[in-house]
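Observations on the three-dimensional arrangement
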Amino acid sequence: TQLLEQSPQFLSIQEGENLTVYCNSSSVFSSLQWYRQEPGEGPVLLVTVVTGGEVKKLKRLTFQFGDARKDSSLHITAAQTGDTGLYLCAGPSGTYKYIFGTGTRLKVLA
Amino acid sequence: ETGVTQSPTHLIKTRGQQVTLRCSSQSGHNTVSWYQQALGQGPQFIFQYYREEENGRGNFPPRFSGLQFPNYSSELNVNALELDDSALYLCASSFSTHSGSYNSPLHFGNGTRLTVT
């Protein structure tokens, strides 16, 4: 059974700090996606990483896919209060579904 | 471009009752997936519909059933509600060129918050 484990589960930091959240698995994934979910809303796709070792940047967010395609990380530089939310990683499992990690709940304090 | 819309946004039901949740897919999308998100958890796959047929199913009992209509909208039905069914139910639409393909990422609606008392 494929599982995605995310760490840390909770993170509370001050505005301006840097942070990294991790998504790990013992299984190889053809791709991994990162979503952000805000209270009362559905997850919104941030990025898809496909190639082992790939690095993608989205403004202050940097996403990396592990060389072996078993893990991924999300690094936020100079966090802002607007970055507050639940960060979820997800990967395709089989031919029709995605499995999601349990998420990292980030709170950025002003 | 119209996004994924779900109705109702909130619902309170009593144990043993039945519920129907609705989802309109994003324009241009032909595949709908349903996920259950319990409090503090990531979404769990329930099932997917493509061309009006169930394309795949997660680890959910038969009392969870669904439909997809010719306009690609979808319903999720849950019979004999249990307390543990309390969760956020998310609908996600995507585009597939054939059954079992990942051609485009998932676009989620804002979900229906179901509370079973």
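Refer to the structure printed above.
Read on for an overview of the structure. (Residues numbered from 1 in each chain as written. Chains lettered and ligands numbered in written order. Predicted model: local features only at pLDDT ≥ 70, side-chain atom pairs only at ≥ 80, totals over all residues. Heavy atoms only, no water.)

Focus: the state of the cysteines
All names here are of chain B. This structure, assessed with the given rule, holds two disulfides over all chains. Each sulfur of the disulfide joining Cys-23 and Cys-91 lies 1.8 Å from the other. Around the S-S axis, the bridge from Cys-23 to Cys-91 shows a dihedral of about -60° and counts as left-handed. Pair noted here: Cys-23 is in strand S3 (residues 19–24) and Cys-91 is in strand S9 (residues 87–94), with a separation of 68 residues, a long-range link. Cys-91 shares its class with Cys-23; the two are buried. (Disulfide = S-S within 2.5 Å. Helix = DSSP H or I, 4+ residues; strand = E, 2+ residues; numbered from the N terminus. Buried < 20%, exposed > 50% of the residue type's maximum accessible area, 1.4 Å probe, protein only.)

Focus on the sheet that holds strand S7 (residues 61–65) of chain A
Residues and elements named next belong to chain A. In spatial order, the strands read S1-S3-S8-S7-S6; together these five strands make up an open sheet with antiparallel pairing. Strands at the two margins of the open sheet, each flanked by one partner only, are strand S1 (5–7) and strand S6 (55–58). Along the sheet, successive strands turn relative to each other by an average axial angle of 15°, direction set aside. For strand S3 (residues 19–24) and strand S8 (residues 71–76), the ladder comprises six bridges, and the chain directions are antiparallel. Within S8, the residue paired with Leu-19 across the bridge is Ile-76. (Pairing = 2+ DSSP bridges. Axes fitted to C-alpha atoms, helices over the stretch in contact; angles between N-to-C directions.)

A look at the pattern of salt bridges
All chains considered together, the criterion is met by seven salt bridges over all chains. A salt bridge links Arg-60 of chain A to Asp-83 of chain A; the nearest nitrogen and oxygen atoms lie 2.9 Å apart. Placement of Arg-60 of chain A in the loop between S6 and S7 and of Asp-83 of chain A in the loop between S8 and strand S9 (85–93) is noted, with a sequence separation of 23 residues between them. Its salt-bridge partner being Arg-63 of chain B, residue Glu-82 of chain B comes within 3.3 Å of it at the nearest N-O pair. With Glu-82 of chain B in the loop between strand S8 (74–78) and S9 and Arg-63 of chain B in the loop between strand S6 (53–57) and strand S7 (64–68), this pair connects stretches of sequence that are 19 residues apart. When its relative accessible area of 39% is taken as the criterion, Glu-82 of chain B is described as partly exposed. Overlapping salt bridges bring together Arg-63, Glu-82 and Asp-85 of chain B as one network. (Salt bridge = Lys/Arg side-chain N within 4 Å of Asp/Glu carboxyl O.)

Observations concerning the packing of aromatic side chains
Evaluated as defined, the whole model comprises nine aromatic pairs over all chains. Here the aromatic rings of Phe-100 of chain A and Tyr-35 of chain B are separated by 5.5 Å at their centres, their planes lie at 80°, and the arrangement is edge-to-face. Taken as a pair, Phe-100 of chain A in strand S10 (residues 97–100) and Tyr-35 of chain B in strand S4 (residues 31–37) lie in two separate chains rather than in one. Of the two residues, Phe-100 of chain A and Tyr-35 of chain B, both sit in the buried class. Consider the rings of Tyr-35 of chain B and Phe-45 of chain B, whose centres lie 5.6 Å apart with planes at 70°: the pair is edge-to-face. Of this pair, Tyr-35 of chain B sits in strand S4 while Phe-45 of chain B sits in strand S5 (residues 44–50); the two residues are ten residues apart in sequence, bridging distant segments of the chain. Comparing Tyr-35 of chain B with Phe-45 of chain B, the two get one shared label, buried. Members of the aromatic cluster, each reached through a chain of ring pairs, are Tyr-35 and Phe-100 of chain A together with Tyr-35, Phe-45 and Phe-108 of chain B. (Phe/Tyr/Trp six-rings, centres within 6.5 Å; stacked < 30°, edge-to-face > 60°.)

Read these as layout, nothing more, since geometry by itself doesn't imply function.
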